[in-house]
Amino acid sequence: MKLDRRSFIKLMAMNSAATAAATLFPGVSFGAWSTTEMASGGILWKKTPCRFCGTGCSLLVGVSGDRAVAVKGDPNCTVNKGLCCVKGYHSIQILYGKDRIQKALVRKNGKMVEVPVAEALDLVARKMQETIQVHGKDAVAMYGSGQWSITDGYVASKLFKGCIGTNNVEANARLCMASAVTGCITTFGLDEPMGCYEDIEKADVFVTWGNNMAEMHPVLFSRMLATRKNRTHVKIIDFATRTTRSSLAADRSILFRPQTDLAVANAICYEIIRNGWVNWDFVNKHVSFHKGKTNIGYGTEDHFKFKDKAETVDFNALKLFLKDYTPENVEKISGVPAKDIKYLAALYGDPDKKVTSFWTMGMNQHTRGTWINNLVYNIHLLTGKISSPGNSPFSLTGQPSACGTVREVGTLTHKLPHGVVMNPDHRKMAARIWDVPVENIDPKPTYHTVEMFRALDRGDIRFMWIQVTNPMVTMPNLRRYRDGAEKEGRFVVVSEIYPTPTSDIADVILPSALWIEREGFFGNSERRTQHNEQIVPMPGETVSNTWQIMEVARKMGFEKQFPWSEETYIEDIWNEYIQFHDSPKHRMAPFKVLKERSGVQWPYVNGMETKWRYNAKYDPACKQKDFDFYGKKDHRAWIWLRPYEPPAESPDSEYPFWLNTGRVLEHWHTGSMTRRVPILHKAMPESYVEINPDDAARMGITNGSDVKISSRRGSLVMKAMINGRGNPPRGMVFVPFFDEKYLINEVTLDAFCPISKQPDYKKCAVKLERA
């Protein structure tokens, strides 16, 4: 459905997300999944967090017998306040696809054969032990997911890091929020946002940095639009590389050339200083200044190593550094008119306006992802617009537990549940709680995600267990890593719910219980932990990912570390896990409280949630008056001097277009669940290449015609989309990655931020040809 700007704004501002969804998709009976008539017919409603994105909406799922039959938004949840997006309203249908994996399969003589789950788990344990015996402990690896429940990630980390003694644990959240992590840690010393979603109702200005919230976080975007409707002075500024539905709803849409957000952020700081908008009381008390290394590379070669080195400087050094970033100079780099840069700076600089910045993949999937996170924090720190209601720099996540299971549990190679493997005190804590010798925990990180799959290709890793994620669609420069996984001498285990290109390469497939078929926890973007109970039975022989890992651990001889019974293991694991966070800086809510509520924000201290960290009015961990950035030894937030540097690959005469990839409203990530929901598949049945109308006309390409898109790494043919829901500028194309028939990541480049190790899916050079 194509909407003009006025109709779109009216639609998105509606109080009923069900009405909005029905309007977007006429003729579709959304009411069948949310009406009160069903509640009066003996339906039992139970709360659960939504299975999609990192917003953390709470749902009420209606159950009849053993089957989930209805969904509505939870009105008692402060996140979504009874709303859902189109995926949320249809979420229970992901349980009932016809090709659901319900039995274990093992590859025998080249074919997948059904076997009992116990037999498959025996094989997994035996292969792990054989691989360790022959090739060493670092030849086995676990690749998990921001879709993991918190207990899944916790037992995986305990098994691999505590018992086996390898740091070969990574998760797909490395691909979506690692730069947000390193941005937080380098600026504040601790991870995760300082603000919360209540900032949406309290801000005067929203600046969305390279993210299409209307499609990616539609419930939060609806809250923004409602705020603007209720407080008419509120402004929404869309700062992006292509025109999207978010652009249509914004008060102003400002387009910039890929990668040049770095330069624009510096120009905003230049203007803030030039116009005397620095909040000197805040800066003098709570900020220090630092610079790091420059010309830091792009990670495209194997065994790439980089370690930043911070040097303390002063405000005058920052001012001198910014002299090259005048709005007029930056206009030449970015294509953003100087007047628009000055407009943005004036919004941030106005002491009477509260400003919230939101971003997701545009900033995080970036070869300088850590830097651009730092630079947006710089803007908020210079103006003192941080850690207070309505003033918030906020990285939103795209998976239900990328924060809870990856950032908090620490399912990345360098992480532990509270700290990092490099810190001896953190290793001692983990060894005590896990009941393992401290020597078991290796102080040296091994492979981040891209390097982990390179190691599988090289043969340094021989065994990989992949749980509920689809890297054979999502890895950049995909062909190398798929070919590597299929080499002789590799053994791949995949825990999944549906067949995917990743399960196609597996030697063992384990049937995983999904979402409300098992008990667990998610952790959302605003530090909110959400418990979900088991609402419907597990189908067939499916089991939870937590139980799969525990059973393999026991078969490997680690019964003492995994003693829990099937009846109480989720609560027992939670009670062990929260020992890692037992301080006012990160205390988690007890199990009983989580069961009672639709989510609880941490730090949870003296029965109270902490909504704004580092602010003494709200945060009991603060030891200083007003603000206390206690993650840093100097109790100050760090402003970093970070320059503009070009991307790893830019268009040239041979490959003259930018390629940008991302998601669409109807589908989630690789579409392995949402493409099995009939109405979502009907609404968006296949992927496409979005082309600027002028470029299409010049090349003789019409809407729906076949186009070949090629890079130095691969090519594919897909249909053109012209004047659709999005519109890239001339010289750019956009491709969603939800459709496994069109593996666009065979075209993308595996360059990454050297600090966060997160790949850049937003920028590489391609050419287009009529097919």
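Residues numbered from 1 in each chain as written. Predicted model: local features only at pLDDT ≥ 70, side-chain atom pairs only at ≥ 80, totals over all residues. Heavy atoms only, no water.

1. Focus on empty space enclosed by the protein
To keep things clear, this is the line we draw: Cavity means a closed set of points on a 1 Å grid over the protein atoms alone, one where a 1.4 Å probe fits but cannot get out, pocket means an open set with protein on both sides within 12 Å along at least 5 of 7 lines, and lining means a residue has an atom within 4 Å of a point. Grid points are joined across faces, edges and corners, and a volume is the space filled by probe spheres set on the points. The numbering of helices and of strands both runs from the N terminus, where a helix is a DSSP run of H or I of at least 4 residues and a strand a run of E of at least 2.
Across all of its chains, the model carries six cavities of 30 Å³ or more by this definition. Taken as a whole, the largest cavity holds about 820 Å³ of empty space. Broken down by secondary-structure element, the contributors of at least two residues to the lining of the largest cavity are strand S9 (235–240), helix H17 (361–364) and strand S26 (657–662). Tallying contributions element by element places S26 first for the lining of the largest cavity, with three residues.

2. Here we look at a negative patch on the surface
How we decide: Distance thresholds for patches are 9 Å for like charges and 5 Å for nonpolar side chains (Val, Leu, Ile, Met, Phe, Trp, Tyr), applied to residues having over 30% relative accessible area and no salt bridge. Accessibility throughout is a Shrake-Rupley quantity obtained with a 1.4 Å probe, and a residue counts as covered only by protein chains that appear here. Basic side-chain nitrogens of Lys or Arg form a salt bridge, by our definition, when they fall within 4 Å of a carboxyl oxygen of Asp or Glu. In this tally, Asp and Glu contribute negative charge and Lys and Arg positive charge; neither His nor the terminal groups of the chain are included. The location of each charge is read from NZ of Lys, CZ of Arg, CG of Asp or CD of Glu.
A surface patch of like charges, here negative, comprises Asp483, Glu486, Asp504 and Glu740. Relative to the helices and strands, Glu486 resides in the loop between helix H23 (478–485) and strand S18 (491–496).

3. What about the packing of helix H5 (residues 117–135) against helix H24 (residues 545–555)?
Condition: Here an axis means a line fitted to C-alpha atoms, over the contact stretch when the element is a helix, while the angle between two N-to-C directions is reported on a 0 to 180 degree scale. We call two directions roughly parallel when the angle between them is under 35 degrees, roughly antiparallel when it is over 145, roughly perpendicular when it lies between 65 and 115, and oblique otherwise. Should the near helix be turned anticlockwise from the far one by less than a right angle, the crossing is termed left-handed; should it be turned clockwise, right-handed. Throughout, a residue-residue contact means that at least one pair of heavy atoms, one from each residue, lies within 4.5 Å. Each residue gets one label: Ala, Val, Leu, Ile, Met, Phe, Trp, Tyr, Cys and Pro are nonpolar, Asp, Glu, Lys and Arg are charged, and the others, such as Gly, are polar.
Contact geometry for H5 and H24: axes closest at 9 Å, N-to-C directions at 55°. As summarised for this structure, H5 and H24 are arranged oblique, according to the angle between their axes. For the pair H5 and H24, the crossing hand works out as right-handed. Note on element contacts: H24 touches H5 through Gln548, Glu551, Val552 and Lys555, opposite Ala118, Leu121, Asp122, Val124, Ala125, Met128 and Gln129. Residue composition of the contact of H5 with H24, by class: six nonpolar, two polar and three charged.

4. Quick look at the sheet that holds strand S28 (residues 706–710)
Formally: For two strands to count as paired, DSSP must find a minimum of two bridges between them.
Around the barrel, six strands lie side by side as S26-S30-S27-S29-S28-S31; this closed barrel has mixed pairing. On average, adjacent strands in this sheet sit at an angle of 45° to one another, irrespective of strand direction.

5. Notes on the domain arrangement of the protein chain
How large an interface is tends to be reported as the accessible area lost when its parts come together. Formally: Bear in mind that the domain bounds are from an automatic or database domain assignment. Defined in terms of a 1.4 Å probe, buried area is the accessible area two parts forfeit on being brought together, summed over both. Here a polar contact is recorded for every N or O atom pair within 3.5 Å, except that within protein the pair must consist of a potential hydrogen donor and a potential acceptor, and residues adjacent in sequence are included only if both atoms are side-chain atoms.
Splitting the protein chain by domain gives domain 1 (5–96), domain 2 (104–176 + 402–563), domain 3 (192–400) and domain 4 (657–748). Spacing between the C-alpha centres of domain 2 and domain 4 amounts to 31 Å. Contacts between domain 2 and domain 4 engage 17 residues on the former and 13 residues on the latter. Overall, the association of domain 2 and domain 4 removes approximately 1,300 Å² of surface from exposure, summing both partners, and the carbon and sulfur fraction of that is 59%. Across the contact surface, domain 2 and domain 4 share two salt bridges. Put simply, domain 2 and domain 4 have nine residue pairs in polar contact (both at pLDDT 80 or more) between them. Contributing elements (two or more residues each) for the side of domain 2 that touches domain 4: helix H22 (471–474) and H23. Looking at the side of domain 2 that touches domain 4, its residues break down into 10 nonpolar, five polar and two charged.

6. Some points on the pairing of strand S19 (residues 508–511)
In plain terms, the rule: Exposure classes here rest on a 1.4 Å probe applied to the protein chains alone. A residue is buried below 20% of its type maximum, exposed above 50%, and partly exposed in between.
Burial along S19 is two-sided: Val508 and Leu510 facing one way and Ile509 and Pro511 facing the other are all buried. Alignment of strand S4 (residues 104–108) against S19, held across two bridges, turns out to be antiparallel. The residue bridging Val106 from the neighbouring strand is Val508, located in S19. One ladder, built from four bridges, connects S18 with S19; its direction is parallel. In the strand pairing of S19, Val493 is matched with Val508.

7. Concerning the pairing of strand S29 (residues 715–722)
Where strand S27 (residues 689–691) meets S29, three bridges bridge the pair, whose relative direction is parallel. Within S29, the residue paired with Val689 across the bridge is Ala720. Where S28 lies against S29, five bridges are found, and the strand directions are antiparallel. Counterpart to Val707 in the pairing with S29 is Met718. Counted between consecutive antiparallel strands, the loop separating S28 from S29 contains four residues.

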